[in-house]
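Structural characterization, general
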Amino acid sequence: MPTLVNYSGEDEFFTGTPFVYYPPSKRSRISAPFVFSGEEFVQKKQHQQPSIDILPDECLFEIFRRLPAGGEEKSSCASVTKRWLNLLSTIRGEESIEVVSEDVESNDGYLTRCLEGKKATDNRLAAIAVGNGNRGGLGKLMIRGSNAVRGVTDAGMSSIARGCPSLRVLSVWNVSTIGDEGVTEIAKGCRMLETLDLCECPSVSDKALIAIAENCHNLNSLSLESCSRIGNDGLQAIARCCPKLQSITIKDCPMVGDQGISSLISSSQALMKLKLQNLNITDVSLAVVGHYGRNVTDLVLTGLQSVSERGFWVMGNAQGLQKLNMFAITSCRGVTDLALEAVAKGCPNLKNLFLCKCSFVSDNGLVAFTKNSASIESLQLEECNRISQYGVLAAISNCGLKLKALSLVKCMGIKDIVSELDFVTPCKSLRSLTIRNCPGFGSISLAVVGRLCPQLQHIDLSGLSGVTDAGFLSVVENCEAGLVKVNLSGCINITDASVTSLARLHGETLQLLNLGECSKVTDESLASIAVNCSMLKELDVSRCAVTDFAIASLSCSKKLELEILSLFGCSQVSDKSLPYLADMGQTLVGLNLRYCNSISSSAIELLVERLWRCDILS
């Protein structure tokens, strides 16, 4: 094989073993003409060009690949021209690179890079591949979108594959120009890969996933979303070759069916977290989950339209989900009262249940679930319109010693009617109550809850226009533990009577209070807060009927040390409040003055100068 001629003298650039280069390319090795004179030849200087630039790519390649691995020399060379950068990016990195743990750009112990939108190009990926060697190697790469003109392609992914063998996490979202070739190169070059997240990658198919399975045996987290060409074959390959899988998320992949999901679940003995959304699977897949999901702790099922009641019933009765801790179900027609009861019996360690848009679940199912569930601590119901006041109160009563959090959101079947309360017993374990945008839930229901739940600490009643002082005062007066966080935003019938009682009875524990759009709350409430609430850190009085006097009261308090204050839309607060707000600046880190139309722009500018530590919205 031919070798390069070694020059002698001061221009010598290589000593020792001669270079070995690739077969000659078609272009001329020396583009400028030469004139020979005796034993010497002289090059005519047509252009002022550095002598090294006349070398062909194969020669530069041989030079660059001899640079110290992980040194600054490679980064410096890559900065010269795009040609040098691209050449350096074709050099495969060391097979084993020690990962730095002190890098400030990562919370996981390795270097992280994120490219978004216009910044996502092949050139940037090449630069990352070349430049991260001297910092311990790239551990995590995220690509969000792509440059419309010079976007990320398989060439950019190949650069990462060659230069970053230590890559452990790859996340690619909304990049249509990356295909099987790029992902396959990642699989071959980055065998330490542990997490793969592909979202809206229509050019990636089963072929790429098979390559990942065959080369990346340490894969423990797989997330596929809106990948229309990935189906059962790819998942079956993962099932055969990746025994360490702990987390699986598959969403909106139309080619995925029972065959792929069943193979994946039955083979993944280490599986702990599973999320299936909008897939063409049937009862068979849920039966497999119920039988083989022995180590599953978190299960999320969404939009499984082909799964019937039988699928959920079999999953519960299979008795395989013994370690299930969190179960979230959204828009699944197969979730019925019978199915919910089976889940309660088959999942003895279930602590958190979330049901959303489960239109066939009624009071009977909720009561049966709470009676048979041995460990439930958190119950969240959203848009479950067959649940009534009876079901809610019965659920609270059945979980008297274990339920810690109850959330009801947009449950239109709840009506403010109480006829007989003999069947309910107090729930002394409930700490958090959220009832949002349930128009039928009013003061009567709230008063009952207040008497049933004396240990409440967090309460969110946002959007309940039917709640009045009578219902809320029942909670305030019966609460024994001391309220810590209270959200009354949108409770338009709450007045100063409720707020002053809250401040007086719970001022020593209250840390957050949201009174947004409580138009009947006035300066009286804030004066009481200033006197009693020594622990309050966040206060929102947006669109309340407060004036400059209220701000003065807060400022003059010797106990209050507010960190966040929102006066959004308080039209009666004027420039007169400027000195009082400035005095509060020693503790304030957030201040919202938007739509405070009586405060001039010049006053806000002055306040911004004085409160330089505070983030002011205006």
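Residues numbered from 1 in each chain as written. Predicted model: local features only at pLDDT ≥ 70, side-chain atom pairs only at ≥ 80, totals over all residues. Heavy atoms only, no water.

1. Some words on the side chain of Asp 540
Secondary-structure assignment places Asp 540 in strand β19 (residues 538-540). Despite its burial, Asp 540 remains without a salt bridge, the nearest opposite charge being carried by Arg 543 at 9.0 Å. (Helix = DSSP H or I, 4+ residues; strand = E, 2+ residues; numbered from the N terminus. Buried < 20%, exposed > 50% of the residue type's maximum accessible area, 1.4 Å probe, protein only. Lys, Arg positive; Asp, Glu negative; His and termini not counted. Salt bridge = Lys/Arg side-chain N within 4 Å of Asp/Glu carboxyl O.)

2. Structural notes on the packing of aromatic side chains
Summed over all chains, the structure comprises one aromatic pair. When the ring of Phe 568 is compared with that of Tyr 595, the centres are 5.3 Å apart and the planes differ by 65°; the resulting orientation is edge-to-face. In this pair, Phe 568 is assigned in the loop between β20 (564-566) and α20 (578-583) and Tyr 595 in the loop between β21 (590-592) and α21 (601-610), connecting sequence segments 27 residues apart. Here Arg 144 stacks its cationic end above the ring of Trp 173, 4.4 Å away from the centre of that ring. (Phe/Tyr/Trp six-rings, centres within 6.5 Å; stacked < 30°, edge-to-face > 60°. Lys NZ or Arg CZ within 6 Å of the ring centre and 35° of its normal.)

3. Description of unusual backbone geometry
Backbone geometry at Lys 410 places phi at a positive 55°, although glycine is not the residue there. You can see Lys 410 is positioned in the loop between β14 (405-409) and β15 (432-436). Although it is not a glycine, Tyr 595 sits at a positive phi angle of roughly 60°. For Tyr 595, a relative accessible area of 58% gives the class exposed.

4. Observations regarding the nonpolar core
Core analysis: the largest hydrophobic core is formed by 166 residues, its most contacted members being Phe 312 and Phe 327. For this core, the element with the most residues is helix α7 (residues 206-215), which contributes five residues. Excluding residues that lie within four positions of it along the chain, Phe 327 makes contacts with Leu 299, Leu 301, Phe 312, Met 315, Val 343, Leu 350, Asn 352, Leu 353 and Phe 354. (Core = buried A, V, L, I, M, F, W, Y, C linked by side-chain atoms within 4.5 Å. Contact = heavy atoms within 4.5 Å.)

5. Overview of the environment of Ala 318
Examined against the element boundaries, Ala 318 turns out to sit in the loop between α11 (309-317) and β11 (326-330). Residue classification places Ala 318 among the partly exposed positions, given a relative accessible area of 29%. C-alpha of Ala 318 to C-alpha of Ala 287: the two residues are 31 residues apart in sequence and 7.3 Å apart in space. When residues no more than four places from it in sequence are discounted, the contact partners of Ala 318 are Gly 290 and His 291.

6. Some details on helix α19 (residues 548-556)
Here α19 lies mainly inside the structure; seven of its nine residues are buried. What α19 keeps buried is the set Asp 548, Ala 550, Ile 551, Ala 552, Ser 553, Leu 554 and Ser 555. In this structure, the buried residues of α19 make contact with α18 (523-532), β19, β20 and α20.

7. A few points about helix α10 (residues 283-292)
Burial in α10 covers these residues: Ser 285, Leu 286, Val 288, Val 289 and Gly 290. Its buried side turned inward, α10 meets α9 (258-267), β9 (273-277), β10 (298-302) and α11.

8. Considering the pairing of strand β13 (residues 378-382)
In regular strands, side chains alternate between the two faces of the sheet. As defined by bridge partners, strand β12 (residues 352-356) adjoins β13 across five bridges and the pair is classed as parallel. Residue pairing across strands places Phe 354 opposite Gln 380, the latter belonging to β13. Where the polypeptide runs from β12 across helix α13 (residues 363-372) and back to β13, its parallel neighbour, the crossover connection is right-handed. Where β13 lies against β14, five bridges are found, and the strand directions are parallel. (Pairing = 2+ DSSP bridges. Right-handed = clockwise from strand over helix to strand, strands pointing away.)

9. Remarks on the pairing of β9
As judged from the five bridges shared by strand β8 (residues 247-251) and β9, these two strands associate in the parallel manner. Within β9, the position partnered with Thr 249 by the bridge is Lys 275. Once the chain exits β8 it traverses α9 before rejoining the sheet at β9, and the crossover so formed is right-handed. When β9 meets β10, the two strands line up parallel, connected through five bridges. If you follow Leu 274 over to β10, its bridge partner there is Leu 299.

10. Details of the packing of helix α12 (residues 337-346) against α13
Where α12 meets α13, the closest approach of the two axes is 8 Å, and the angle between their N-to-C directions is 10°. As far as their axial angle goes, α13 and α12 are roughly parallel. Together, Asp 337, Leu 340, Glu 341, Ala 344 and Lys 345 of α12 and Asn 364, Gly 365, Leu 366, Ala 368, Phe 369 and Asn 372 of α13 make up the contact between the two elements. Each residue belonging to the contact of α12 with α13 can be placed in one class, and the counts come to five nonpolar, three polar and three charged. (Axes fitted to C-alpha atoms, helices over the stretch in contact; angles between N-to-C directions. Parallel < 35°, antiparallel > 145°, perpendicular 65-115°, else oblique. Nonpolar A, V, L, I, M, F, W, Y, C, P; charged D, E, K, R; others polar.)

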